[in-house]
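# Observations on chain architecture
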Amino acid sequence: MERENIEKQLFEIEVLQSIYSNSNEFTLDNEDALYEAQAYLSQPEDKTLLDRKLGFSIKFSADCIDEKENENKILLELVCRLPSSYPLLSPPDIFVRSLSIKLDRNFSEELSNCVKSSHDNDSAIINIIEWIKDNVSRFINGTSEKKNVQNESSNSEKKIYERVFFYSHHIFSSEKRRCIYQWAQELNLEGFFMPGKPGIICVEGERTNVQSYCAKLRSVPWQKLQIKESQCFEFEPEEWKSVKKFANFEEKIFTSNNQTFDLGLLFAFLKEKNLDYIFTLYFGVDGKLPSTN
């Protein structure tokens with residue numbers, strides 16, 4: 001199934017590149033990831049070729065009717081990341097930002113519902129973009145004062161945010177667990193950490209704070225500590241609130257009823273955050289939801 005997913009992803013990217021072929025319309029996050037995914041089709045036994053997930057951004061315009069019945073075009077950017085389980089098992093990781101105006105907070109929620117309901121279709125991204133074009137005008141704040149909103153948006157200070165996933169050989173020490181949690185609180189970061197063997201730490205927030213947190217982690221001895229995934233974003237603070245995956249920072253222990261470690265519970269937690277592709281980065285296999293028996 002993983003091979004079939006990659007085939008569908010590559011085909012969809014090819015279609016999107018042909019549709020958005022003008023300069024700067026379609027941009028790959030990492031061309032090496034594309035080459036490695038293509039190589040995987042002939043070397044499916046080499047799972048390391050899927051370590052870097054396919055991702056891209058698409059810039060497009062949508063028509064908007066303001067309160068005075070004037071027709072305007074707004075410029076949007078869709079940012080997409082494809083987990084290895086897409087499209088057969090999970091949706092793409094998508095967010096949209098406006099390059100000219102502010103969008104209502106409800107837009108992110110309805111977009112998320114659209115993404116979740118569309119991913120069983122091979123052309124999910126195209127359908128999602130069409131949904132955005134058809135619906136985005138409903139989520140524009142103060143369209144009758146569009147010029148003021150545009151000026152405010154252009155003058156607003158954008159910030160760099162970062163999300164980092166760490167792999168640790170183990171996290172058992174009560175002192176380390178205290179520091180992992182306390183440092184995140186001090187630096188106003190969200191995310192989670194999973195003690196045990198292996199140990200997982202995820203933090204997100206303003207990049208300067210994330211970098212400070214990383215430095216603090218590396219200041220203490222570890223048997224093994226490495227970054228598995230790092231993502232950077234540029235947003236206004238209000239936009240970031242609708243994009244971030246976590247509301248706070250907490251310790252998470254994934255155990256079943258008999259108190260044994262349950263990878264299925266970890267996968268379910270990541271899937272709920274639309275981060276299920278991270279599971280494969282850590283364990284080299286696709287995750288499975290816990291048994292309901």
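Now for a description of the structure that goes with this document. (Residues numbered from 1 in each chain as written. Predicted model: local features only at pLDDT ≥ 70, side-chain atom pairs only at ≥ 80, totals over all residues. Heavy atoms only, no water.)

### A word on the pairing of strand 5 (residues 159-168)
In terms of burial, strand 5 is largely enclosed, as 8 of its 10 residues are buried. Judged from the 10 bridges that link them, strand 5 and strand 8 (residues 225-235) form a sheet pairing that is antiparallel. Directly across from V164, in strand 8, lies its bridge partner S230. Relative to strand 7 (residues 199-206), strand 5 runs antiparallel, the two being bridged by 8 bridges. (Buried < 20%, exposed > 50% of the residue type's maximum accessible area, 1.4 Å probe, protein only. Helix = DSSP H or I, 4+ residues; strand = E, 2+ residues; numbered from the N terminus. Pairing = 2+ DSSP bridges.)

### Considerations on the sheet that holds strand 6 (residues 190-194)
The sheet built from 5 strands is open, its strands ordered 8-5-7-6-9 with mixed pairing. Looking along the sheet, the strands with just one partner apiece sit at the ends: strand 8 and strand 9 (249-251). Looking at each pair of strands side by side, their axes are set apart by 10 degrees on average, direction ignored. (Axes fitted to C-alpha atoms, helices over the stretch in contact; angles between N-to-C directions.)

### Side note on helix 1 (residues 2-19)
Here helix 1 contains 18 residues, and its C-alpha end-to-end distance of 26 Å stays within 8% of the 26 Å for a straight helix at 1.5 Å per residue. Residues of helix 1 that are buried: E2, N5, I6, Q9, L10, E12, I13 and L16. Looking down the long axis of helix 1, one finds its buried residues gathered within 165 degrees of arc, a one-sided arrangement. Those residues of helix 1 that are exposed and angled more than 90 degrees off the buried face are F11, E14 and S18. (Expected span 1.5 Å × (residues − 1). Arc of directions from axis to C-beta.)

Remember, this is a structural readout, not a statement about activity or role.
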